[in-house]
Amino acid sequence: MLILNGSAEYMLTTDQYTQGDRHSFNMFVKNDDLNAQLDNIEKYLVGKGWDNIEITDNGLIENIEEISHSVLIEAFKKAQVEGICAVVNNTAIKD
């Protein structure tokens, strides 16, 4: 499974995040070909209200035992079923 780290800017107006704030994210993608998945990654994040996406790191993770954080474990499991899942850090990145 492909794992990505990056950041994106929130574009919606909701109570969860502030419009215009940038947040870091971790993402799991079942198809591990990054170049083939860039459009799907963008559509997924934009569909959830994120834009100006920057991927800063990527790699492959072979199995769930390599993950220790419970939220990331759940995201990994969801990506196994749905093909893609992202976890966004609730705290905005400060410039």
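Undergrad: When you look at the pattern of salt bridges in this model, what are you seeing that I'm missing?
TA: Between side chains of opposite charge, pairing is possible as soon as their charged atoms come close. Applying the stated criterion across every chain, the model contains 2 salt bridges. Among the ionic pairs, Glu 54 bridges to Arg 22, the shortest N-O distance being 3.4 Å. Here Arg 22 lies in strand E2 (residues 22–29) and Glu 54 lies in strand E3 (residues 50–60), a separation of 32 residues in the sequence. Using a relative accessible area of 42% as the deciding quantity, one classes Glu 54 as partly exposed.

Undergrad: Quick question: what am I supposed to make of unusual backbone geometry here?
TA: Most peptide bonds take the trans form, and the phi angle of most residues other than glycine is negative. Positive phi, close to 50°, is recorded for Asn 52, a residue that is not glycine. With respect to the secondary-structure elements, Asn 52 resides in strand E3. The partly exposed category is assigned to Asn 52, whose relative accessible area is 39%.

Reading the values: the criteria
- Residues numbered from 1 in each chain as written.
- Predicted model: local features only at pLDDT ≥ 70, side-chain atom pairs only at ≥ 80, totals over all residues.
- Heavy atoms only, no water.
- Salt bridge = Lys/Arg side-chain N within 4 Å of Asp/Glu carboxyl O.
- Helix = DSSP H or I, 4+ residues; strand = E, 2+ residues; numbered from the N terminus.
- Buried < 20%, exposed > 50% of the residue type's maximum accessible area, 1.4 Å probe, protein only.

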